[in-house]
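Close look at the chain arrangement
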Amino acid sequence: MTTTLSREQLARLVAGDIAPGSFVNLGIGQPTMVSNFLTPAQHVTLHTENGMLGMGPEAVGDQIDPDLINAGKIPVTELPGASYFHHADSFAIMRGGHLDVCVLGAFQVSTTGDLANWHTGAPDAIPAVGGAMDLATGAKDVYVMMSLFTRDGTAKLVPACTYPLTGVGCVTRVYTNEAVFLIDDDGVRVRETFGLTFEELAARMEIPLLRAG
Amino acid sequence: MTTTLSREQLARLVAGDIAPGSFVNLGIGQPTMVSNFLTPAQHVTLHTENGMLGMGPEAVGDQIDPDLINAGKIPVTELPGASYFHHADSFAIMRGGHLDVCVLGAFQVSTTGDLANWHTGAPDAIPAVGGAMDLATGAKDVYVMMSLFTRDGTAKLVPACTYPLTGVGCVTRVYTNEAVFLIDDDGVRVRETFGLTFEELAARMEIPLLRAG
Amino acid sequence: MLTIADTAEQAVADITDGSTVLIGGFGPAGQPVELIEALLEQGARELVVVNNNAGNGETGLAALIGAGRVRKIICSFPRQSDSQIFDAAYRAGTIELELVPQGNLAERIRAAGAGIGGFFTPTGYGTILAEGKETRIINGRGHVFETPIAGDVALIKALTADRVGNLVYRKTARNFGPIMAAAAGKSIVQVSTIVDTGRLDPENVVTPGIYVNTIVQINTGHPEPATMEENQ
Amino acid sequence: MLTIADTAEQAVADITDGSTVLIGGFGPAGQPVELIEALLEQGARELVVVNNNAGNGETGLAALIGAGRVRKIICSFPRQSDSQIFDAAYRAGTIELELVPQGNLAERIRAAGAGIGGFFTPTGYGTILAEGKETRIINGRGHVFETPIAGDVALIKALTADRVGNLVYRKTARNFGPIMAAAAGKSIVQVSTIVDTGRLDPENVVTPGIYVNTIVQINTGHPEPATMEENQ
């Protein structure tokens, strides 16, 4: 591709990478957009940590029911085959390693897959963690969706996170508008780039990058 | 009273001592007889550790359903207000201290309320513990029903158990055909005797006994 | 035995100063609004509140915090767009915050109800929320030791109760209700409907009556619940 | 994704030698008889079996033990009036026994499914079943450290499944099914009926389909299950 991806293109790319039949949790914000691009043929089941499997699209009009919301407290719908359960059972699904994929936003990801996405560390910030640590630690695969660079051009895929951690060594893929990165024991591999070459990308980052297989 | 109690009389006595509205688990064997003497006015709810509250009497004839059994694997019935749950939830009821009373048989009880009721300790015996340790440890009150003396006349309420323990310091009352004993931090108190006097009872036992207040 | 209270005020009358109060709900779903308002009226002080959040807007838990009744809150997600009352109290140093990952919060409450003395979990390992906590490597993976959270009282909202206190909930309003009912010395539950005992299917009871002490019917305009009799 | 097998034989075909197999049931209730018989036919050896008991009579788990397929059994109540096959194997030293209090067995299985690395429980403290285990005094009370029991495979019986693997059970036949389904790498479930997806009420699903890998319909003559469509 010759240009960086739009947010929609990135969401579509992530959606297409989710294996058929997967059980998936989409974090609040940008990751939620992935659901717009999942196809019925994929048979992906969405989990929301406030107690539901089989979550459908956002509710509109008459569908809105105050007792049926997602983790972002947005009214949603129920699909055939859904189930409800209490909070400990819901987090047991996450923490017990039963989700195939969770997709999360991030402030920073390290070359060893450490994730920082809950707290800026600013001394006057009121911290709020929610289910982020459970998702990061529990899912079989943790995909991060984020912009690769901060406004001042610093890469957010870093040698070591400077923000407070959400989880250690948990991120397996990073989806950005400029490139997709795979993280494993060998390091960080660039699966594909958008709008710039591997060399151009490497020049803008502080970490060693491996070329796709 | 001038004679020791029959098994039925003892079961009736235990039943009458259970506070109205209690949630109760009756162990296999002699304790099961207690249910015959609970009155509807007591509103006692019976728990069976294989996953039910609101257990009714033993099933007969057409009532017999292989999917509805008690912990002794006897077919039972369901009362209005019953509920079913899985094994971890069922034992959470016991282990979380939610049962008011459990009634258990015993080989031995110590003066500090240690219970031995699961294993004779014989070297060739195949041990089987079931839910005994969870009941002994979890219920608010553990009542033991047992014969006070072995065939050779030795008291089973002892300074210290010689059989392998089920639980430490858990028994609060011991119901026998000759007497009812209350166990607390002060020691063992004789609440009442049947067919023999306090002195006659004390003479046959190795442990110090307190008189009823 | 179960008490059926006539009003929310009656239901919360016995809550004492210094109590730890588990409050159900995740956002608006399952929030026992009328019980919280009754607790505000009732006047108990120095409360420790356990809830997923730290109040929204100006009512309910936010009002309780605003009235200075909450000494400490244990929650996973205090900071929200409309948590201004908590935010102000926190910045003023008048409320203590124990921040807990949401899954640890749920599991710690569940542990209290289930008689578990404590457990090791990977969640939070290597983060500032595990600082000062015991850790252990189990099967090569870092774990943090977490302890039970029990309540003196739980305030919960369910859909329907029968007259022995069995409960069913509605959709994602179930959330913390079942585990909080089990973890509190006294569980006070507001329901939309009370039905005769025997009308809830025993297979579908979510919270058995053993965990419920007081129920009060508050008509909140929910659809009538399905019961066994109607279903068959 | 869920596999719907045509026969019990197909359902258990992939179980390998040395597997840890969680087998549901408490006495006859919930025992997946046809799956156990298929496993016997299938021939896997050196199995570690987790079940409340150690086989009754001459069929099912007893037959599996009798055929020398079980290296070790983890259970709470092996010795029964009709456990003669286990008894003989145990006395002959051909089977290893790990005896676990029933509540610890259930909680350890639950822990495996819920991602808990281990927990402290008062059950068993001060008894020979805690010998060699780590202990800790928590709030003045003795506790024993217990570890999760995970399975490679679970064999379970439920009443009804839909086509995404959601399960409901029947009365006390529920017992170990839900926790074993969650604790196994692969859950194989025999059901009396398979209904179309959407026909089980989401409020009443006991085991969500995420925990189920293979279902097979075995008609055992149970009454037809109630489903949403029929109920409404």
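The following refers to the structure shown.

The rules behind the values
- Residues numbered from 1 in each chain as written.
- Chains lettered and ligands numbered in written order.
- Predicted model: local features only at pLDDT ≥ 70, side-chain atom pairs only at ≥ 80, totals over all residues.
- Heavy atoms only, no water.
- Phe/Tyr/Trp six-rings, centres within 6.5 Å; stacked < 30°, edge-to-face > 60°.
- Helix = DSSP H or I, 4+ residues; strand = E, 2+ residues; numbered from the N terminus.
- Buried < 20%, exposed > 50% of the residue type's maximum accessible area, 1.4 Å probe, protein only.
- Lys NZ or Arg CZ within 6 Å of the ring centre and 35° of its normal.
- Pairing = 2+ DSSP bridges.
- Contact = heavy atoms within 4.5 Å.
- Buried area = accessible area lost by both parts, 1.4 Å probe.
- Salt bridge = Lys/Arg side-chain N within 4 Å of Asp/Glu carboxyl O.
- Polar contact = N/O pair within 3.5 Å; in protein donor to acceptor, adjacent residues only side chain to side chain.
- Nonpolar A, V, L, I, M, F, W, Y, C, P; charged D, E, K, R; others polar.
- Axes fitted to C-alpha atoms, helices over the stretch in contact; angles between N-to-C directions.
- Parallel < 35°, antiparallel > 145°, perpendicular 65-115°, else oblique.
- Left-handed = near helix turned anticlockwise from the far one by under 90°.
- 1 Å grid on protein atoms, 1.4 Å probe; cavity = no way out; pocket = protein on both sides within 12 Å on 5 of 7 lines; lining within 4 Å.
- Points joined across faces, edges and corners; volume = space filled by probe spheres on them.
- Arc of directions from axis to C-beta.

**What to know about the packing of aromatic side chains**
By the definition in use, this model includes 10 aromatic pairs over all chains. Ring plane angle 55 degrees and centroid distance 5.4 Å describe the contact between Phe107 of chain B and Tyr163 of chain B, whose orientation is recorded as tilted. Of this pair, Phe107 of chain B sits in the loop between strand E5 (101-104) and strand E6 (108-110) while Tyr163 of chain B sits in the loop between strand E9 (157-158) and strand E10 (171-175), and the two are 56 residues apart along the sequence. Overall, Tyr163 of chain B belongs to the partly exposed group, its relative accessible area being 33%. Relative to Tyr90 of chain D, the ring of Phe86 of chain D lies with its centre 5.5 Å away and its plane at 25 degrees, an arrangement referred to as stacked. On the criterion of helical spacing, the pair formed by Phe86 of chain D and Tyr90 of chain D is a turn pair, its members being 4 residues apart in helix H4 (residues 84-91). Directly above the ring of Phe26 of chain D sits Lys73 of chain B, whose terminal nitrogen or CZ lies 4.8 Å from the centroid.

**Here's the deal with the sheet that holds E10 of chain B**
Strand pairing in a sheet relies on backbone hydrogen bonds, with the paired strands running either antiparallel or parallel. The strand order E4-E3-E2-E1-E5-E8-E10-E11-E12-E13 (chain B) describes an open sheet built from 10 strands, whose pairing is mixed. Strand pairing shows two members of the sheet lacking a second neighbour, strand E4 (76-84) and strand E13 (210-211) of chain B, which therefore form its edges.

**Overview of the interface of chain C and chain A**
Contact residues are listed per partner, giving 47 residues for chain C and 36 residues for chain A. For the pair chain C and chain A, the summed buried area comes to about 3,300 Å², and 61% of that belongs to carbon and sulfur atoms. By the criterion of area lost to chain A, the three top residues of chain C are Phe26, Lys171 and Thr172 of chain C, representing 20% of everything that side buries. Between chain C and chain A we count 3 salt bridges in total. Summed over the shared surface of chain C and chain A, the number is 22 residue pairs in polar contact (both at pLDDT 80 or more). Of all the secondary structure elements, the ones that give two or more residues to the side of chain C that touches chain A are helix H4 (84-91), strand E5 (96-99), helix H5 (102-114), strand E6 (118-121) and helix H6 (177-183) of chain C. Taken together, the residues of the side of chain C that touches chain A break down into 21 nonpolar, 17 polar and 9 charged.

**Things to note about unusual backbone geometry**
Residue Asn139 of chain C is not a glycine yet carries a positive backbone phi of 50 degrees. The residue Asn139 of chain C is located in the loop between strand E7 (135-138) and strand E8 (141-146) in this model.

**Overview of the packing of helix H2 (residues 87-95) of chain A against H5 of chain C**
Packing of H2 of chain A against H5 of chain C leaves a shortest axis separation of 9 Å and a crossing angle of 125 degrees. With respect to H5 of chain C, the axis of H2 of chain A lies oblique. Where H2 of chain A crosses over H5 of chain C, the handedness of that crossing is left-handed. Counted together, His87, Ala88, Phe91 and Arg95 of chain A of H2 of chain A and Gln102, Gly103, Asn104, Ala106, Glu107 and Arg110 of chain C of H5 of chain C form the full contact between these two elements. Counted by class, the contact of H2 of chain A with H5 of chain C contains 3 nonpolar, 4 polar and 3 charged residues.

**Quick word on empty space enclosed by the protein**
Taken as a whole and judged by the stated rule, the model has 4 cavities of 30 Å³ or more. The calculated volume of the largest cavity comes to roughly 820 Å³. His86 and Asp89 of chain A, His86 and Asp89 of chain B together with Val206 of chain D are the residues nearest the centre of the largest cavity, which is lined by 41 residues in total. Counting residues per element, the ones that place at least two in the lining of the largest cavity are H2 of chain A, helix H2 (87-95) of chain B, H5 and H6 of chain C together with helix H5 (102-114) and helix H6 (177-183) of chain D. For the lining of the largest cavity, the element with the most residues is H5 of chain C, which contributes 4 residues. Residues that form the lining of the largest cavity fall into these classes: 25 nonpolar, 8 polar and 8 charged. There is about 70 Å³ of room inside the second largest cavity. Lining the second largest cavity are 10 residues; nearest its centre among them are Asp67 of chain B together with Lys157, Ala158, Leu159 and Ala173 of chain D. The dominant element in the lining of the second largest cavity, judged by the number of residues it contributes, is strand E9 (residues 151-162) of chain D, at 3 residues. Looking at the lining of the second largest cavity, its residues break down into 4 nonpolar, 3 polar and 3 charged.

**What about the environment of Pro122 of chain C?**
Secondary-structure assignment places Pro122 of chain C in the loop between E6 and E7. What makes Pro122 of chain C buried here is its relative accessible area of 9%. Considering only alpha carbons, one finds Pro122 of chain C and Ala181 of chain C, 59 residues apart in sequence, at a separation of 26 Å. Aside from chain neighbours lying at most four places away, what touches Pro122 of chain C is Thr137 of chain A, Arg141, Gly142 and His143 of chain C together with Gly115 of chain D.

**A closer look at the pattern of salt bridges**
If you walk through the whole model with that rule in mind, you get 44 salt bridges over all chains. When salt bridges that share partners are traced, they join Arg71, Lys72, Glu96, Glu98, Arg108, Lys133 and Glu146 of chain C into one network.

**Some details on the side chain of Thr77 of chain B**
Residue and element names in this part refer to chain B. Mapped onto the fold, Thr77 is located in strand E4. Polar side-chain contacts of Thr77 include one of 2.7 Å to the backbone oxygen of Pro57. Residue contacts for Thr77: discarding those within four places in its chain leaves Met52, Gly54, Met55, Gly56, Pro57, Glu58, Ala59, Gln63 and Leu68.

**What to know about the sheet that holds E9 of chain B**
Residues and elements named next belong to chain B. With mixed pairing, the 3 strands of this open sheet are ordered in space as E7-E6-E9. Edge positions in the open sheet fall to strand E7 (115-116) and E9, since each of these has one partner strand only. Alignment of E6 against E7, held across 2 bridges, turns out to be antiparallel. Pairing of Gln108 across the sheet is with Ala116, part of E7.

**Concerning the interface of chain D and chain B**
Facing the 47 residues of chain D at the interface are 36 residues of chain B. When the area that chain D buries against chain B is broken down by residue, the three leading residues are Phe26, Lys171 and Thr172 of chain D, summing to 19%. In this structure, the connection of chain D to chain B is made through 3 salt bridges. Two residues, Arg170 of chain D and Asp65 of chain B, come together in a salt bridge whose shortest N-O distance is 2.6 Å. In this assembly, chain D and chain B are joined by 21 residue pairs in polar contact (both at pLDDT 80 or more). Broken down by secondary-structure element, the contributors of at least two residues to the side of chain D that touches chain B are H4, strand E5 (96-99), H5, strand E6 (118-121) and H6 of chain D. Of all the elements, H5 of chain D adds the most residues to the side of chain D that touches chain B, at 6 residues. Broken down by class, the residue content of the side of chain D that touches chain B amounts to 21 nonpolar, 17 polar and 9 charged.

**Side note on helix H2 (residues 33-42) of chain C**
Residue and element names in this part refer to chain C. Where H2 is concerned, the buried positions are Leu35, Ile36, Ala38 and Leu39. Buried residues along H2 cover an arc of 160 degrees about the axis, so they all sit on one side. Where H2 terminates, the next one or two residues include Gly43, which has phi positive at roughly 100 degrees.

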